[in-house]
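Topology and contacts: notes
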2 protein chains.
Amino acid sequence: MATAQKPITLNGVAVSELFSTIDAVKATPSIAKFKFRIRNQWEDGSRNHSTVTSLTGANQEFSHPVPFRLEADEPTILLGKDMAANPVPTLLHALASCLTTSMVYHASARGIQINQIESTFEGDLDLRGFLNLDPQIRKGYQGIRVNFRISADVSDDRLQEIVQLGTGHSPVYDSLTNGVPVSVTAERL
Amino acid sequence: MATAQKPITLNGVAVSELFSTIDAVKATPSIAKFKFRIRNQWEDGSRNHSTVTSLTGANQEFSHPVPFRLEADEPTILLGKDMAANPVPTLLHALASCLTTSMVYHASARGIQINQIESTFEGDLDLRGFLNLDPQIRKGYQGIRVNFRISADVSDDRLQEIVQLGTGHSPVYDSLTNGVPVSVTAERL
């Protein structure tokens with residue numbers, strides 16, 4: 001009688017499922033194509049929110065059990081009501097969460113146990129760009145500084161490698177550092 | 001006796017304050033320099049969260065009344081527990097909210113009244129990038145499609161101009177389409 005193999009989990013990541021996914025994608029590359037989507041609704045002034053309901057992947061449509069609602073506002077210094085995070089720190093959150101998850105998944109696949117990860121992200125923005133006061137100043141972030149603090153029983157070199165597993169694989173890091181083509185259409189509501 | 005001028009608000013945006021801000025930045029350009037920041041904490045597996053506590057701008061530090069907590073997880077198909085939006089749609093939310101707010105602020109400054117804005121954002125991601133299965137396939141989004149639906153009493157040309165006020169001024173749109181330098185350091189916790 002065959003013995004069922006116990007699934008291996010490390011750092012909370014189902015490593016055996018991760019390897020099964022890799023095998024499945026190798027066998028059927030089309031299942032690797034994903035589409036992520038949101039819907040946004042303007043409320044008033046600086047306030048709007050997005051709804052994350054479903055995604056397409058592995059040739060299927062997946063609905064989240066409950067749609068996620070992501071809010072946006074601006075701080076009062078930027079003429080908002082300060083009821084939610086504004087878009088630019090939310091971009092930092094997308095980057096931080098993607099780097100962290102990429103790091104944890106790829107470290108787990110390599111059998112590296114991680115005890116703790118904390119990080120800080122800070123970006124510089126000169127409002128003269130947004131306000132059209134100087135064409136030399138970009139509208140977006142001029143630069144972002146990231147610092148990771150990691151607890152793991154590994155050498156110093158290995159610690160740096162863990163971080164590179166994040167920067168080397170993160171979809172948001174790649175999107176943000178290398179840029180993404182964005183096509184925009186508009187119609188009357 | 002001087003009559004106090006009534007502040008003008010359009011689309012929920014305090015337009016008179018917006019013009020005061022522009023005048024203040026013209027007089028003292030250093031107040032345009034902002035720093036946005038977050039702190040991220042890994043929880044387990046695919047779960048982590050960021051905290052948005054404060055920002056620096058106009059040579060001052062501003063604390064949010066309550067720190068905003070932004071969650072991250074992965075859908076079950078990506079080995080998560082599906083408790084929160086994952087990083088890649090969160091990136092779309094950052095883009096959507098920034099485009100919408102940029103559009104509303106700049107349209108308001110031009111005296112254009114907007115009744116309603118809805119939008120959808122969809123991005124293509126091929127998991128073979130993240131899984132290191134094909135070096136030709138990027139880790140990040142291959143492309144993002146945006147569709148705005150706007151209700152405003154304006155001509156068709158003017159409707160397209162409103163959208164261009166978004167793409168032409170949004171810090172997240174500029175960051176994502178043109179890329180941002182990100183520096184990463186790591187130390188032991």
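Quick summary incoming for the structure in this document. (Residues numbered from 1 in each chain as written. Chains lettered and ligands numbered in written order. Predicted model: local features only at pLDDT ≥ 70, side-chain atom pairs only at ≥ 80, totals over all residues. Heavy atoms only, no water.)

**A look at the sheet that holds strand E8 (residues 182–188) of chain A**
The condition that has to hold: A pair of strands counts as paired when DSSP detects no fewer than two bridges linking them. The helix count covers DSSP runs of H or I at least four residues long, the strand count covers runs of E at least two residues long, and both are numbered beginning at the N terminus. Here the axes come from fitting lines to C-alpha atoms, over the contacting stretch only for helices, and the angles between their N-to-C directions go from 0 to 180 degrees.
Taking strand neighbours across the sheet as the criterion, the six strands line up as E5(A)-E4(A)-E3(A)-E6(B)-E7(B)-E8(A) in an open arrangement whose pairing is mixed. Both outer strands of the open sheet, strand E5 (60–72) and E8 of chain A, are each paired with one neighbouring strand and no more. For this sheet, the mean inter-axis angle between neighbouring strands, taken without regard to orientation, is 15 degrees. With nine bridges joining them, strand E3 (residues 33–44) of chain A and strand E6 (residues 116–126) of chain B adopt antiparallel strand pairing. Across the sheet, the residue bridging to Phe34 of chain A is Leu125 of chain B, located in E6 of chain B.

**Digging into helix H5 (residues 171–178) of chain B**
Since there are 3.6 residues in each turn of an α-helix, residues three or four apart along the chain are aligned in direction. Residues and elements named next belong to chain B. Threshold: The buried label goes to any residue with under 20% of its type's maximum accessible area, the exposed label to any with over 50%, and the partly exposed label to all in between, with areas taken from a 1.4 Å probe on protein chains only.
The element H5 is largely enclosed, with a buried count of six among its eight residues. For H5, every residue scored as buried is listed here: Pro171, Val172, Tyr173, Asp174, Ser175 and Leu176. Backbone geometry just after H5 places Gly179 at a positive phi near 85 degrees.

**Details of the packing of aromatic side chains**
To be explicit about the condition: Under the pairing criterion, centres of Phe, Tyr and Trp rings, with the six-membered ring standing for Trp, must be within 6.5 Å; the plane angle then separates stacked pairs below 30 degrees from edge-to-face pairs above 60, leaving the rest tilted.
Considering all chains together, one arrives at six aromatic pairs over all chains under this definition. Aromatic pair Tyr105 of chain A and Phe130 of chain B: ring centres 6.4 Å apart, planes at 70 degrees, arrangement edge-to-face. In this pair, Tyr105 of chain A is assigned in helix H2 (residues 87–109) and Phe130 of chain B in helix H3 (residues 127–130), connecting two distinct chains. Taking the relative accessible area as the measure of exposure, Phe130 of chain B reaches 11% and is therefore buried. Taken together, a centroid distance of 6.0 Å and an interplanar angle of 85 degrees make the contact between Phe121 of chain B and Phe148 of chain B edge-to-face. Of this pair, Phe121 of chain B sits in strand E6 while Phe148 of chain B sits in strand E7 (residues 143–151); the two residues are 27 residues apart in sequence, bridging distant segments of the chain.

**A few points about the interface of chain B and chain A**
To keep it simple, the criterion reads: Note on definitions: a residue-residue contact is assigned when non-hydrogen atoms from the two residues lie within 4.5 Å. Buried area: the sum, over both parts, of the accessible surface (1.4 Å probe) that disappears when the two are put together. Here, a salt bridge means any Lys or Arg side-chain nitrogen found within 4 Å of an Asp or Glu carboxyl oxygen. The definition of a polar contact used here is a pair of N or O atoms within 3.5 Å, where within protein one atom must be able to donate a hydrogen and the other to accept one, and adjacent residues in sequence count solely through side-chain atom pairs. Each residue gets one of three labels, nonpolar for Ala, Val, Leu, Ile, Met, Phe, Trp, Tyr, Cys and Pro, charged for Asp, Glu, Lys and Arg, and polar for the others, Gly among them.
Counting residues at the interface gives 130 residues for chain B, matched by 131 residues for chain A. Summed over both sides, the interface of chain B with chain A buries roughly 11,900 Å², with 61% coming from carbon and sulfur. A per-residue breakdown of the area chain B buries against chain A is headed by Phe36, Trp42 and Leu189 of chain B, which together make up 7% of the total. Lys33 of chain B is paired through a salt bridge with Asp126 of chain A; the nearest N and O atoms lie 3.5 Å apart. Inspection of the region where chain B meets chain A yields 75 residue pairs in polar contact (both at pLDDT 80 or more). Broken down by element, the side of chain B that touches chain A gets its largest block of residues, 18 residues, from helix H2 (residues 87–109) of chain B. Class assignment for the residues of the side of chain B that touches chain A results in 64 nonpolar, 42 polar and 24 charged.

**What about the side chain of Ser102 of chain A?**
Turning to its location among the elements, Ser102 of chain A is positioned in helix H2. Residues within four places of Ser102 of chain A in sequence aside, it is in contact with Leu165, Gly166, His169, Ser170 and Pro171 of chain A together with Phe130 of chain B.

**As for unusual backbone geometry**
Residue and element names in this part refer to chain B. Here Asn11, not a glycine, exhibits a phi torsion of approximately 55 degrees, which is positive. Structurally, the position occupied by Asn11 is in the loop between strand E1 (9–10) and strand E2 (13–14). Exposure remark for Asn11: the relative accessible area of 8% places this residue in the buried category. The phi torsion at Ala58 lies on the positive side, around 50 degrees, for a residue other than glycine. When its relative accessible area of 15% is taken as the criterion, Ala58 is described as buried.

**Considering the relation of the copies chain B and chain A**
Copies of the same chain, two in number, are related to each other by a rotation about an axis and a translation along it. Inclusion rule: A least-squares superposition brings the copies together, and it is based on the C-alpha atoms of residues with pLDDT no lower than 70 in both.
In screw terms, the move from chain B to chain A is a rotation of 180 degrees and a rise of 0.0 Å along the axis, fitting with an RMSD of 0.0 Å. Accordingly, the operation relating the two chain copies is best matched by a two-fold axis. If distances are taken from each C-alpha of chain B to the rotation axis, the shortest is found for Gly179 of chain B, at 2.1 Å. In this assembly the copies share their binding face: 100% of the residues contributing to the interface of chain B also contribute to that of chain A.

**Considerations on the environment of His64 of chain A**
You can see His64 of chain A is positioned in strand E5. You can call His64 of chain A buried: its relative accessible area is 6%. Residues His64 of chain A and Gln164 of chain A lie 100 residues apart in sequence; the distance between their C-alpha atoms is 31 Å. Residues in contact with His64 of chain A, not counting those within four places in the same chain, are Val52, Thr53, Ser54 and Leu55 of chain A together with Pro75 and Asp82 of chain B. At 2.7 Å, the side chain of His64 of chain A and the side chain of Asp82 of chain B are in polar contact.

**Quick word on the packing of H2 of chain A against H2 of chain B**
A pair of packed helices is characterised by two quantities: the angle between their axes and the separation of those axes. The cut-off we apply is this: Orientation labels follow simple angle bins: below 35 degrees gives roughly parallel, above 145 gives roughly antiparallel, 65 to 115 gives roughly perpendicular, and whatever is left gives oblique. For any pair of crossing helices, the crossing counts as left-handed if the nearer helix is rotated counterclockwise from the farther one by less than a right angle, and right-handed if it is rotated clockwise.
Two numbers describe how H2 of chain A lies on H2 of chain B: the axes approach to 8 Å, and their chain directions differ by 170 degrees. The angle between the axes of H2 of chain A and H2 of chain B places the two elements in the roughly antiparallel class. Pair H2 of chain A / H2 of chain B crosses with left-handed handedness. Seen from H2 of chain A, the contacting residues are Pro87, Thr90, Leu91, His93, Ala94, Ser97 and Cys98 of chain A; seen from H2 of chain B, they are Pro87, Thr90, Leu91, His93, Ala94, Ser97 and Cys98 of chain B. Of the residues in the contact of H2 of chain A with H2 of chain B, the class split is eight nonpolar, six polar and no charged.

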